[in-house]
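Commentary on secondary and tertiary structure
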Amino acid sequence: SHTMTFRIARLHSITVPEVRRTWRSPDLLTFHSRKAAVKHSIMLIKRDKLIDKVLHGIGAHGLMVRPTKVTRKAALDAGMYRFLRDGLFVVGQEEEWLDEGLKVWKVREANREKREEKEAAEGKVCREEGAAAAETAISAPPVAAAAAAAV
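Residues numbered from 1 in each chain as written. Predicted model: local features only at pLDDT ≥ 70, side-chain atom pairs only at ≥ 80, totals over all residues. Heavy atoms only, no water.

What follows deals with the confidence of the model for the protein chain. The predicted model of the protein chain has a mean per-residue pLDDT of 76, with 65% of residues at 70 or higher. Between the elements of the protein chain, mean pLDDT differs from a low of 51, seen in helix α5 (residues 142–150), to a high of 91, seen in strand β2 (residues 30–31). (pLDDT = per-residue confidence, 0-100. Helix = DSSP H or I, 4+ residues; strand = E, 2+ residues; numbered from the N terminus.)

Below, the structure written as structure tokens:
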């Protein structure tokens, strides 16, 4: 059937389009197999994670990492990968986020502690109010409760 199509096309001088499936990566590489494209995309994701960690202080799960000093190799690799990705060669910027990251880290920790204390206090107050309401409902006669509600 395939050869028949070409014979008919030649007889009637019809051009048969050639269809190919290609994948294009963000760094403008073209792949003709899906397997190679997936393999390349995994490598690009690993590079982006290293760039985010070293330059911006963001870990693999999208959360801020604890501020630490980055190794020289990681800083140079991140700079090279950033250059390949964006055309920007930035080395040494990892120290820039250390100060900012440490401040943000401390603020977030303080906010988390305040939130936990507030939630614990609210839970204690709610339990106390619930217990007091239950005691009032049990100890007050129905007529006194109705009179108190009317006032």
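Still more to cover.
All right, on to a nonpolar patch on the surface then. Together, M80, F83 and L84 make up an exposed nonpolar region whose accessible area comes to about 280 Å². Looking at the secondary structure, you find F83 in helix α3 (residues 72–86). The class of F83 is partly exposed, set by a relative accessible area of 43%. (Patch = residues over 30% accessible without salt bridge, like charges linked within 9 Å, V, L, I, M, F, W, Y side chains within 5 Å. Areas by Shrake-Rupley, 256 points an atom, 1.4 Å probe, with all protein chains shown as cover. Salt bridge = Lys/Arg side-chain N within 4 Å of Asp/Glu carboxyl O. Buried < 20%, exposed > 50% of the residue type's maximum accessible area, 1.4 Å probe, protein only.)

The backbone of L28 shows a phi angle near 65°, a positive value even though the residue is not glycine. Among the structural elements, L28 can be located in the loop between β1 (23–24) and β2.

Taking 1.5 Å of rise per residue, 15 residues should cover 21 Å, and α3 covers 21 Å from first to last C-alpha, within 8% of that figure. Of the residues making up α3, those classed as buried are A74, A75, A78, G79, Y81 and R82. A positive phi of about 85° marks G87, the residue just after α3. (Expected span 1.5 Å × (residues − 1).)

Here we come to the packing of helix α2 (residues 34–56) against α3. Where α2 contacts α3, the axes come no closer than 9 Å and their chain directions differ by 120°. For the element pair α2 / α3, the angle class is oblique. Both α2 and α3 take part in a crossing whose hand is left-handed. The segment α2 lies against α3, with R47, D48, L50, I51, V54 and L55 engaging A74, A75, D77, A78, Y81, R82, L84 and R85. Of the residues assigned to the contact of α2 with α3, the class counts are nine nonpolar, no polar and five charged. (Axes fitted to C-alpha atoms, helices over the stretch in contact; angles between N-to-C directions. Parallel < 35°, antiparallel > 145°, perpendicular 65-115°, else oblique. Left-handed = near helix turned anticlockwise from the far one by under 90°. Contact = heavy atoms within 4.5 Å. Nonpolar A, V, L, I, M, F, W, Y, C, P; charged D, E, K, R; others polar.)

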